[in-house]
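Secondary and tertiary structure notes
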2 protein chains.
Amino acid sequence: MKNLKDILEYAGIKPTIERLSILRYLDSKHDHPTAAMIFNEIETKIPTISKTTVYNSLKLFIDNGIVTPLYITGSEVRYDFATKPHHHFFCEKCGKIYDLIIDCPYMKKTKIQGHQIKQRHGYFRGICKNCLEKEEKAQS
Amino acid sequence: MKNLKDILEYAGIKPTIERLSILRYLDSKHDHPTAAMIFNEIETKIPTISKTTVYNSLKLFIDNGIVTPLYITGSEVRYDFATKPHHHFFCEKCGKIYDLIIDCPYMKKTKIQGHQIKQRHGYFRGICKNCLEKEEKAQS
DNA sequence: TTATAAATTTGTAATGAGTTCAAATATGAA
DNA sequence: TTCATATTTGAACTCATTACAAATTTATAA
Ligand SMILES: [Mn+2]
Ligand SMILES: [Mn+2]
Ligand SMILES: [Zn+2]
Ligand SMILES: [Zn+2]
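Nothing here was measured: the structure is a model prediction, and the numbers come from that model.

**Brief notes about the coordination of the manganese ion (ligand 2)**
Residues and elements named next belong to chain B. Within the protein, H32 (NE2), D80 (OD), H86 (NE2), H88 (NE2) and D99 (OD) serve as the donor atoms for the manganese ion (ligand 2), at 2.1 to 2.3 Å. Counting along the primary sequence, the residues that act as donors to the manganese ion (ligand 2) give the motif H-x47-D-x5-H-x1-H-x10-D. One end of the pair, D80, is in strand β2 (residues 78-80); the other, D99, is in strand β4 (residues 97-100), and 19 residues separate them in sequence. What makes D99 partly exposed here is its relative accessible area of 32%.

Pasting the structure below:
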């Protein structure tokens, strides 16, 4: 399962140009874009694309476990082309979301205190390395 | 620092009836209500309360570290009268958010890969114990 | 091919949580 | 009381997301 077309077909999703384009964007950038960011980017290549199609496609991907929605910022959903679960760091200053590869003992659990677990989310919030360095420079 | 009035005063927040009422609700129920749920509840006691006051107060509490906003459901913010950081379990079926007291090694960290951490969030998503039992009964 | 059905995309309108803002009200000091 | 300041209120607004029906594309069968 190398290429994106295969991933969609394997999930029973017809790989239309729109859907492929959205998935390709998620795969290439691997930032954690909003629906608006995705729409704006795709629009430059497929000028007729509809915002609704972006939302429809993302929902389809999510329902099939291909994409994970991140509810971190509180203002809009960020989308992650997830291979395996991982932690995130959200910078309150620049809004960037970083992947954190840390091995947390609770990321494998499938049951906790009788509750059946389907998804695990761990994230931190603060000021990212980049923004910290900028602050330092500004003070010197 | 036992009672709610003291908590507010200690934070430099004037303990008005509205603010105290909101905090009292968060403290008594300890579910993780939405702003709408809080508004509806307070309204029965203070019929003149405004939705804006609820949002204003919650923002004030958040800015002073008295309350933590939870971005978990994706549709609305849930509010937690946080004493110490802890994990959560969100039930996709009934919408309930449970506290999970598990000791995760990453909940104490203040810096990761150069990023300065201000908040730590860990939560799981799935079907809660209660809803699982209901399902079982329905099948027998 | 042609006809027809099903799937997909599109655009517009609606939804709803949260915010803005200025007027009204309450509080507190002089 | 008078005046300034803090708080509350309600209406209007924003904006991400959803609903929905029409238009278009794609698949299937005759
Ligand atoms: Mn990620
Ligand atoms: Mn909690
Ligand atoms: Zn940053
Ligand atoms: Zn449940």
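Now that the structure is up, let's keep going.
**Brief notes about the protein's contact with DNA strand C**
By nearness alone, 16 residues border DNA strand C, and A:T16, A:E18, A:T53, B:Y55 and B:V77 come closest of all. The sugar-phosphate backbone supplies 72% of the atoms of DNA strand C found within 4 Å of the protein. Contact between DNA strand C and A:S50: a phosphate oxygen at 3.1 Å from a main-chain N or O atom of the residue. Note that a phosphate oxygen of DNA strand C is positioned 2.9 Å from one of the side-chain N or O atoms of B:Y55. At the level of elements, α2 (17-29) and α4 (51-63) of chain A together with α4 (51-63) of chain B are the ones that each hand at least two residues to the surface near DNA strand C. If you tally residues by element for the surface near DNA strand C, the top one is α4(A), at 3 residues.

**Looking at the relation of the copies chain B and chain A**
Of the transformation superimposing chain B on chain A, the axial component is 0.0 Å and the angular component is 180 degrees, with the fit at an RMSD of 0.0 Å. Taken together, the turn and the small shift mark the pair as related by a two-fold rotation axis. Scanning chain B for the C-alpha nearest the rotation axis identifies B:G122, at a separation of 2.2 Å. Take the interface residues of chain B: 100% of them recur as interface residues in chain A, which is what a same-surface contact looks like.

**Regarding the protein's contact with DNA strand D**
With respect to spatial proximity, 18 residues lie near DNA strand D, and among them A:Y55, A:V77, B:T16, B:E18 and B:T53 are the closest. For DNA strand D, the fraction of protein-proximal atoms (within 4 Å) that sit in sugar or phosphate groups is 70%. B:T16 has a polar side-chain atom sitting 2.6 Å from a phosphate oxygen of DNA strand D. Contact between DNA strand D and B:R19: a phosphate oxygen at 3.3 Å from a side-chain N or O atom of the residue. Elements that contribute at least two residues to the surface near DNA strand D include exactly α4 of chain A together with α2 (17-29) and α4 of chain B. Considered class by class, the residues forming the surface near DNA strand D number 4 nonpolar, 8 polar and 6 charged.

**Remarks on the interface of chain B and chain A**
Listed as interface residues are 34 residues of chain B and, on the opposing side, 34 residues of chain A. Overall, the association of chain B and chain A removes approximately 3,100 Å² of surface from exposure, summing both partners, and the carbon and sulfur fraction of that is 63%. On inspection of chain B and its partner chain A, the count reaches 2 salt bridges. A:E92 is the partner of B:K118 in a salt bridge, and the nearest nitrogen-oxygen pair spans 3.7 Å. Summed over the shared surface of chain B and chain A, the number is 10 residue pairs in polar contact (both at pLDDT 80 or more). Counting residues per element, the ones that place at least two in the side of chain B that touches chain A are β4, β6 (115-127) and α5 (129-139) of chain B. Residue contributions to the side of chain B that touches chain A peak at 13 residues, all from β6(B). Split into classes, the residues belonging to the side of chain B that touches chain A amount to 17 nonpolar, 10 polar and 7 charged.

**Points about the nonpolar core**
Counting residues in hydrophobic clusters, the biggest one holds 30 residues, and the most contacted among them are A:F89, A:Y106, A:F124, B:F89, B:Y106 and B:F124. At the level of elements, β3 (87-91), β4 (97-100), β6 (115-127) and α5 (129-139) of chain A together with β3 (87-91), β4, β6 and α5 of chain B are the ones that each hand at least two residues to this core. When sequence neighbours within four positions are dropped, the list of residues in contact with B:Y106 reads A:I102, A:D103, A:C104, A:F124, B:I112 and B:R120.

**Considering the domain arrangement of chain A**
Residue and element names in this part refer to chain A. Partitioning chain A into structural domains gives domain 1 (1-83) and domain 2 (84-140). With centres defined by C-alpha atoms, the gap from domain 1 to domain 2 works out at 21 Å. For the pair domain 1 and domain 2, the summed buried area comes to about 940 Å², and 58% of that belongs to carbon and sulfur atoms. On the domain 1 side of the interface with domain 2, the three residues burying the most area are H32, I72 and T83, jointly 52% of the side's total. Of all elements in the fold, only β1 (68-70) and β2 (78-80) reach the threshold of two or more residues within the side of domain 1 that touches domain 2.

**Overview of α2(B)**
All names here are of chain B. If you check α2, its first and last C-alpha atoms are 18 Å apart, about what 13 residues at 1.5 Å a residue would give, namely 18 Å. Among all positions of α2, only L20, S21, I22, L23, Y25 and L26 are buried. Looking at the buried positions of α2, the neighbouring elements they touch are α1 (4-10), α3 (35-45), α4 and β2. Positioned one or two residues after α2, H30 has a phi angle of 55 degrees, which is positive.

Conventions and cut-offs
- Residues numbered from 1 in each chain as written.
- Chains lettered and ligands numbered in written order.
- Predicted model: local features only at pLDDT ≥ 70, side-chain atom pairs only at ≥ 80, totals over all residues.
- Heavy atoms only, no water.
- Donors = N, O, S within 2.8 Å, 3.2 Å for Na, K, Ca; no water.
- Helix = DSSP H or I, 4+ residues; strand = E, 2+ residues; numbered from the N terminus.
- Buried < 20%, exposed > 50% of the residue type's maximum accessible area, 1.4 Å probe, protein only.
- Near = heavy atom within 4 Å.
- Polar contact = N/O pair within 3.5 Å; in protein donor to acceptor, adjacent residues only side chain to side chain.
- Least-squares fit on C-alpha atoms with pLDDT ≥ 70 in both.
- Contact = heavy atoms within 4.5 Å.
- Nonpolar A, V, L, I, M, F, W, Y, C, P; charged D, E, K, R; others polar.
- Buried area = accessible area lost by both parts, 1.4 Å probe.
- Salt bridge = Lys/Arg side-chain N within 4 Å of Asp/Glu carboxyl O.
- Core = buried A, V, L, I, M, F, W, Y, C linked by side-chain atoms within 4.5 Å.
- Domains from an automatic or database assignment.
- Expected span 1.5 Å × (residues − 1).

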